[in-house]
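Structure at a glance
Okay, here's what each chain looks like letter by letter:
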Amino acid sequence: MPRPIGRELLRVQVNGEERELLVRPYATLLEVLREELRLSGTKHGCELGECGACTVLVDGLPQLSCLLLPAQVEGAAITTIEGLADGAALHAVQRAFVERGGLQCGYCTPGMVLAAKALLDANPTPTRQEIKEALAGNLCRCTGYASILDAVEEAARLLS
Amino acid sequence: MLRLPPCSYLRPGSVDEAAELLAEHGETAMLVAGGTDLVPKMKRGQMEPELLIGLGHLAELRAVTETEEGGFEIGAGVTLAAVSGSPRLAAAYPAYTRAAALVSSPALRNVGTIGGNLCVDTRCNYYDMSFEWRQACGFCMKKDGDICRVAPASKRCRAIASSDTAPAAIALGASVVLAGPGGRRREVPVDDLYRDDGQYFLAMAADEIVQSLRLPPAGSWGSAYVKVRRRGTIDFPLAGVAVALRRSGLLVEDCRIVLTAVGSRPFDVSPAAGPLLGRELTAEVLAGADDLLAEVANEAAKVAKPLDNADLHYVWRKQMTRRAVEQAIVEAASCLPAPGGPA
Amino acid sequence: MRRAGELHVVGRALPRVEAAAKVTGSIAYADDIELPGMLSCKLLRSHHAYARIISVDTSAARAMPGVVAVITGHDLPVKYGIMPTCEDELALEHEKVRFVGDPVAAVAAVNEETALAACRAIRVDYEPLEAVGSIEQALVPPDDEPIHDYAGPANVHRLAALEFGDVDAGFAKAAHVREDVFFFEGNTHLPMEQHSATAQVVGGKVTLWSSTQDPHYVHRALSKVLGLPMGELRVVAAPHGGGFGGKCDPFSHEIAVCKLALMTGRPVKCTLTREEVFYTHRGRHPVLMWVRTGVDDDGRILAMHFRSALDGGAYGSYGPASTLYTGALQTTTYAIPAYRFEGVRVFTNKAPCGPKRGHGTPQPRFALEVHLDKLAGELGLDPVELRRRNYVKPFTRTVNWLRITSCGLSEVTDRVLEASGYEQRLRRPGHGMGFAVSSYMCGAGLPIYWNRLPHSECVLNVGRGGVTLLSGATEIGQGSDTVLATIVAEELGLGPGDIRLVTGDTGLTPVDLGSYSSRVTFMAGNAAREAGAKMRALLVKAVAEKEGCAAGEVRVAGGRIGVMSFEEAALLAEERFGTLSTRGSYTPPEGIGGRYKGAGVGPSPAYSYSAAVVDLDADERSGEIRVNKVWLGHDIGRSINELAARGQVEGGVYMGLGEALMEAQAYRDGLLRQPSMLDYKSLTFLDMPEVETILVETVDPEGPYGAKEVGQGPLLPVIPAVVSALHDALGVWVDEVPITPDKVVRVLSARSKGKEPRYGPKGFPEVPYPALVKVAPPDAATASL
Ligand SMILES: Cc1cc2nc3c(=O)[nH]c(=O)nc-3n(C[C@H](O)[C@H](O)[C@H](O)COP(=O)(O)OP(=O)(O)OC[C@H]3O[C@@H](n4cnc5c(N)ncnc54)[C@H](O)[C@@H]3O)c2cc1C
Ligand code: SF4
Ligand code: FES
Ligand code: FES
C-alpha cells in the first residue's frame, strides 16, 4: 500500500476566478482541472507530453497540463478552453475555427485553439510557417492541419 | 488516464535549502525543475521518488546575466523557450540556442529548463516504456532488472544520452556551477558532468544541484547544432552534432565537434577536426571538395556505436551522424564573423 | 432531381453544426461523462504474447480497500465477435491469452488508482506457449497448438480463391507479363481520443455510453454476452474524438463496464490509456502481396492474378471481410477482363487487426498502382497513359460483378495532372512527382451479419417550430451530423443549424449500421432525404390547401413555406395531419454485386474516384523525403458541405502520407515497438505539405443530391503516388511502406554496389489455397448497364 499523502492547498486563478483547492501534490493540473474543477474541456490523448491535447495557458503561455504539478502553478493564472469565450460571444480564434472548418472530431481543438490564441497574443500577424511552428506540438489526426492554419490566419485577420 | 504514483512535493526557499533537502532525503528524493522529463518517467514507473524537491519557483535559478569577462551565466531554471527566444544569446551562441529551440515541442519548451535538459535521463526503447510493457518484456538493468536487453553481454547500460543542449554547451566550452549542501559551490566543464554509462550517466554528486550554466565569451566563434530526427518537432535526437569553429584570418584555428545520441554520454570528438586546422574553408571545401569534410566526419563518427534501442535502423543512425557532422561544420562556418572583424 | 442552381444549402461551405460546442469545450466526449456514485474500471492485460492461463487469483485485489468488484473470464464466458463467422473473442480470457495486452480481468473501484493497484495485485499463473510472429510462421504447423481451434490448417484463419473469366487464357494471349511482390506494414488509427465507455443500470436496464462508431453492433454483442434482451440495453455513441475504423468492434472494456455496473448497481467507467489503445488496435493489416498482370502490345490488361497474405493478429475481428477487400476493388478502376484473386489471413500473437480507413484496400491499391508504374516502364509507356487505356467506363459492370455507376476517373485524372503540371515538370536532382488513382465504396452493399433490416433509417419530427432528426448514424468527426442536417434543411428550406439531431442512440433512434465503409452520406443521407421530402410534402400540402393554390406553387426556401413562416406552416400542418413525424429508410438496391460465395464484399451502390499527384524531394544521402505538395482530385458525386468535404480530403491525404512515410505498428519479440504517441510516428504540422483539393461532381444517380463518399477514398492513391514520386526522384523502387529514410539509404547503397535498385520483400510464401471458385463474368449485355 502506498503511504497516504495528504492534500495540500493550491491557490490558482482559473479563467479569471480565484480558486482555493485541496489537491494531492502529485495530481497533475490535467487531473485537477478535469476531476476537481470539472472543467472537462481540457482533453487528454497521452498524459505523457506527446500530443498537445491537454494544452492550457499558464500566465498566457501554452503548457501541457498533463505534466504540471500543482506546486508549479501555485499563484498562476490559468486559461482553459472554457474561459476563452466572452459569455455567449466566441473569441475570435474560436469563431475562425468554426468558420474555416478548423476542426472535425474536435478532440484536439481545445489545445489547438489555446495554442493559437497564445501565438496571436504574442505575434498578431504570424506567417503560415510561424503558425506551424507555434502549433507544432499539437497533433491532429483528422484535419491534415490545413484548415487549422486557415483558421488561425483568419483569426489574425479578425483580431486586427 | 496515466497518473503519478503518490509522492510529496517540497518547495525549498533557496538552492542551498534544496541541496540540504537532497542530502537529507538521499535516494528517496529527486529534484524537479520543469518536470517534463521526470513526470512522464514517473508515470511509467521508471523513477519512483517519494519526495520531489521543486526548483521551478526559485528566482535565483531564473536569471540570465552577463559575466564580467563578457560571457553569459544562465540560471538552471531558465526555460528552453526563454533561451531559444533570446536574440542576445542567439547572436553569441547559435549552436546552443538552436539546440534549445529543437527540443521537443513549444509547450514543453515553455516549461522545460536548461538545467533539466543537461540532466535529462538517458533513453532506450526497452526502458522508456510503461511498467506493464517492461514487465512483459522483462525488466532491464537500468530499472528493476539485472541484464541489458539490447546488449545482453554488456556489463553496463547502453541507454542513449539524449540532451540536445549538452553537446552545444560542451562545444562552446561552457561550464556548470554545481551547488552542494552547506553553501558548497564548484564549477566544472559541462563535459565533466557525464559518464559513459546509461544508468549512472551523471558524474555529479547525489546531493549536488546544477545552479547555472556559464558560457565563455563568444569571441570569434561560429557555432551550429544539427539534429537528426524523424519529424520536424516533438522527437528526441537520433543523432545530434554541435560544432564550434574559430578562424584566424582566413584559416581555421580551432574546431570543436561534440556528438549526442550516439552513446551514453555526449562525446567530444574535436581531435577529428585536425585536418581542418590551418585550412581555409572555401566554398569548394564546404561543398565537399578534397573530401576534407567527409574525412573529418568519418573520423568524428567513429565513436558512434548505435544499437537497436532507438528509432530507425542503427546503421542509418551512424551514417546520419557523419552527415550531420559535415552539415554542422558548414552551418558553423556560415555564421563565422567576417575575417578581420572583431576577434 | 433538383439541379445545382436550385439547391440552397447543399454544397455550400457552411460551418459544421456542432462546431461551436467543440470550440468551447462544452461538448461531452465519453470520458467527460461523470455520473453520481461512479466507479472506475481498469483491465488487467496479459503480459505474455501467447500462454495458457493456469489460474487467476483475485483475492488480494478483492481485499483492497476501495475495490468494489473484480471479474474474470468466468463471469463473461460467452464468445462474440463482429462477424458471425468468427466469434472468437471473450471479453476477458480465462483459458488462453493470445497477445500482449489481451484482457484477463477487470476491476471496479472507487477511483482509477485503486483499480490499477488492484489489477496489479491479481495473480495470474501462465504457461507460456510458442508465439507466432509472422505470416510465414503462421503458415507452418505450430510448435504448440494453433492460436484458435476453429480454423486452419496451421494458423490460417481464412482462405479465398476466386476466378472471374479465363485468366490462363488471358495470360496466354498477353504480349507482356509482369510480376511483383509488395509489403505493406501494419499501422493503426491513433485517434486523438482514447476509447472510453461508461455504463449505468437503472431499473434493471443498462445504458452504455461509448466512443463507438457503430452502436448497433455493440448493442448486439452486449445482448449476446450479457444474456439480456436487446430491449433492456441501450447503447449511446458519445460525441466522438476520432475513429478511422478503430472503434468499430465491440470491445472488452465496453462489455466489462456493463457487467460491473450490473453487479455493483453503480455507474462504471473505463477509459483506456494510450498504450491500451494500441493493444485494442483493429488497425491496418500488414499485407504481403504478389501480383501478375498480362497486357497486350498496347498495354491493355488481359489478365490479372493477385495474391495477398494478411497478418491478422490474434482474433478474427473483420478478418474475413478484410481478406476479401484486398482483392475486391482492383476492378473498380481498371477494366480487367479476367481476374484471379487468392487471399489468406493468418492468426499471429499480436494485437488484432481490423478495419482502418479504406479497409483492406490501401494495401492492394499501393501494390497495384506501383505494379502498373513498373509495367508502364517496361513497356516504355507513360504510366498515366497506361492507366487511361484501362480505365473502367461509367455504367458498366466489372468482371467480378460490381456495378459501376457514376465514374469520374478521367475527370479527376485530367484535373490533377493539369493543376500539378505533372506532364511539364522540370527535372532537377532529387525531385520527383508521382501519380496514382483509386476508388472506394459508398457504403458496403451488405450488412455485417445477415438481416433484412434497412441499412439506415431516420425519423423526422416537427413540432412547435422545432425540427428534430433521429438517426442511428454516428458523428465521428467525419461530418455526418452536418451532412444529415444539411439534407433535412435543404428539403425544408431551413439552415443546417435549424435542425436538432439525435444520433447514434439505440434507445431513441431507429436502426443504422453505423459509421464505417463510408456509408453515412449515401445511406443515412438518402434516408434523411426521404424523411425530409415527406415532411416537406406535408407542409406544402397544408399551406397549398390553405392558400388555395397548387402544391407546385409553394416555394420552400429561406425559412418560409410559401407565404408562411416555417413555424406557421408547421402549426398548420400539425392541426391538419396530427403529429408531424415522417420516416425515411435506405436499403441498397438488389443486384449491385454477384452471387458467388464472397460476393458480399465489394458491392456498393456507388464508387468514389480519386487521383493524386505527389511532388517531393528526396535526399540521396540521408534518404529523407520532403513532400512539397499533393494534388488530390476526388469524384464526390456532389459535395453536401464543401468545407467538410475538403476537410475529409485533406485529412485523408494526411493519413495516407503518414502511412506512406512513417506510421507503423510493428513488433519486436511479440512486443509492440511503439506503443506511445512519441514512438508511433504521425505527421506533425511541420511535416505536412500543402494539399490542393479538387472536387469533381459527377452527380450520382442514386446518391442524395448525387453525393458520394469522401471520408476514405482520398487516402488511397496517396501512398502509391509517394512511391512513384520517389522512383521518379531517385530511380529506386521501395516496394514496402512505410518508406523510412533508412530503407531509402539501403536501396541506394545496394544500387551503388550494382545490385537491383529495389527494397522490398523477396518472395511470396506457399499458401494452401483451396480450389478456385470459378465465376463466369457478366455477359456483354449485363456488363454495360
Ligand atoms: C514528448 C517529449 C519530447 C522531448 N523531446 C526532447 C528532445 O527532443 N530533446 C531533449 O533534450 N529533451 C527532450 N525531452 C525531455 C525534456 O522535456 C527536456 O530535456 C527538458 O529540458 C527537461 O527539463 P525539465 O526542467 O523539464 O526537467 P525535469 O523533468 O524537471 O528534470 C529532468 C531531470 O533533471 C534533474 N534536474 C532538473 N533540474 C536539475 C538541476 N538544476 N540540477 C540537477 N538536476 C536537475 C531532475 O531530477 C530529473 O532527473 C522531451 C520530453 C518529452 C516528454
Ligand atoms: S541499454 Fe540495456 S540496460 Fe540500458 S535501458 Fe536499454 S535495455 Fe536497459
Ligand atoms: S495529454 Fe498532455 S500532451 Fe498528451
Ligand atoms: S479534429 Fe480530430 S484530432 Fe483534430
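Residues numbered from 1 in each chain as written. Chains lettered and ligands numbered in written order. Predicted model: local features only at pLDDT ≥ 70, side-chain atom pairs only at ≥ 80, totals over all residues. Heavy atoms only, no water.

1. Considerations on the environment of C:Leu35
All names here are of chain C.
- Mapped onto the elements of the fold, Leu 35 is located in the loop between helix 1 (19–23) and strand 1 (39–45).
- With 164 residues separating them along the chain, Leu 35 and Ala 199 place their C-alpha atoms 9.6 Å apart.
- If near-sequence neighbours (up to four positions away) are discounted, Leu 35 is found in contact with Thr 198, Gln 200, Trp 209 and Pro 267. (Helix = DSSP H or I, 4+ residues; strand = E, 2+ residues; numbered from the N terminus. Contact = heavy atoms within 4.5 Å.)

2. Regarding the interface of chain C and chain B
- Contacts between chain C and chain B engage 35 residues on the former and 32 residues on the latter.
- For the pairing of chain C and chain B, the buried interface totals around 2,900 Å² over both sides, and the portion due to carbon and sulfur atoms is 50%.
- The interface formed by chain C and chain B contains 8 salt bridges.
- One salt bridge in this structure joins B:Asp308 and C:Arg668, with 3.8 Å as the shortest N-O distance. (Buried area = accessible area lost by both parts, 1.4 Å probe. Salt bridge = Lys/Arg side-chain N within 4 Å of Asp/Glu carboxyl O.)

3. Some details on the domain arrangement of chain C
Residues and elements named next belong to chain C.
- Looking at chain C, the domain boundaries give domain 1 (37–129 + 192–242 + 247–280), domain 2 (287–446 + 593–759) and domain 3 (447–586).
- Distance between the C-alpha centres of domain 1 and domain 3: 37 Å.
- Counting from both sides, the interface comprises 19 residues of domain 1 and, opposite them, 18 residues of domain 3.
- Across the interface of domain 1 and domain 3, roughly 1,400 Å² is buried in total on both sides, 58% from carbon and sulfur atoms.
- Contact with domain 3 buries surface across domain 1, with Gln 213, His 216 and Tyr 217 losing the most and accounting together for 38% of the total.
- Where domain 1 packs against domain 3, one counts 1 salt bridge.
- For Arg 234, the salt bridge identified is with Asp 505, shortest N-O distance 2.7 Å.
- Between domain 1 and domain 3 we count 8 residue pairs in polar contact (both at pLDDT 80 or more) in total. (Domains from an automatic or database assignment. Polar contact = N/O pair within 3.5 Å; in protein donor to acceptor, adjacent residues only side chain to side chain.)

4. Description of helix 13 (residues 480–492) of chain C
Residues and elements named next belong to chain C.
- Here helix 13 spans 18 Å end to end across 13 residues, near enough to the 18 Å set by a 1.5 Å rise per residue.
- With 13 of 13 residues buried, helix 13 lies mostly within the body of the structure.
- Looking at the residues trailing helix 13, positive phi occurs at Gly 493, about 70°. (Expected span 1.5 Å × (residues − 1). Buried < 20%, exposed > 50% of the residue type's maximum accessible area, 1.4 Å probe, protein only.)

5. Concerning unusual backbone geometry
- The residue after C:Gly152, namely C:Pro153, is reached through a cis peptide bond having omega 0°.
- Structurally, C:Pro153 is set in the loop between helix 4 (135–139) and strand 7 (156–164).
- The residue B:Ile234 is not glycine, and still its phi comes out positive at about 70°.
- As for its position among the elements, B:Ile234 is in the loop between strand 9 (222–228) and strand 10 (239–248).
- Taking relative accessible area as the criterion, B:Ile234 reaches 6% and is therefore assigned buried.
- At C:Leu190, a residue that is not glycine, the phi angle is positive and equals roughly 50°.
- Along the chain, the position of C:Leu190 falls in the loop between strand 8 (176–184) and strand 9 (196–202).
- Classification of C:Leu190 by relative accessible area gives buried; the value is 1%.

6. Overview of the state of the cysteines
- Summed over the entire model, instances satisfying the criterion amount to 0 disulfides over all chains.
- Summary of cysteine pairing: B:Cys255 is not part of a disulfide, and the nearest cysteine sulfur, belonging to B:Cys335, is at 12 Å.
- You can see C:Cys270 has no disulfide; the closest cysteine sulfur is in C:Cys41, sitting 4.1 Å from it.
- When its relative accessible area of 2% is taken as the criterion, C:Cys270 is described as buried. (Disulfide = S-S within 2.5 Å.)

7. Section: the sheet that holds strand 9 of chain B
Residue and element names in this part refer to chain B.
- Spatial strand order, 9-10-11-12: 4 strands in an open sheet with antiparallel pairing. A strand with exactly one partner marks an edge of an open sheet, and here the two such strands are strand 9 and strand 12 (267–268).
- Relative to strand 10, strand 9 runs antiparallel, the two being bridged by 7 bridges. Bridging from a neighbouring strand, Lys 227 pairs with Gly 240 of strand 10. (Pairing = 2+ DSSP bridges.)

8. Quick notes on the packing of aromatic side chains
- Tallying each qualifying case throughout the model produces 17 aromatic pairs over all chains.
- With a centroid separation of 5.5 Å and an interplanar angle of 40°, the aromatic rings of B:Phe131 and B:Phe139 are classed as tilted.
- In this structure B:Phe131 comes out as partly exposed when scored by relative accessible area, which is 24%.
- Look at C:Phe522 and C:Tyr586: their rings are 6.0 Å apart centre to centre, the planes differ by 75°, and that puts the pair in the edge-to-face class. Taken together, the residues span a long stretch of sequence, with C:Phe522 in helix 14 (residues 520–547) and C:Tyr586 in strand 25 (residues 580–586) at a distance of 64 residues. Across this residue pair, the class does not change: C:Phe522 and C:Tyr586 are buried. (Phe/Tyr/Trp six-rings, centres within 6.5 Å; stacked < 30°, edge-to-face > 60°.)

9. Description of the environment of C:Thr333
Residues and elements named next belong to chain C.
- With respect to the helices and strands, Thr 333 occurs in the loop between helix 9 (319–328) and strand 15 (339–346).
- Through-space distance from the C-alpha of Thr 333 to that of Tyr 607 is 9.6 Å; in sequence the pair is 274 residues apart.
- Look past the residues within four positions of Thr 333 in its chain and what remains in contact with it is Arg 365, Asn 390, Tyr 391, Val 392, Leu 409, Val 437, Ser 438, Ser 439 and Tyr 609.
- Within the structure, Thr 333 has its side chain in polar contact with the side chain of Arg 365 (distance 3.0 Å).

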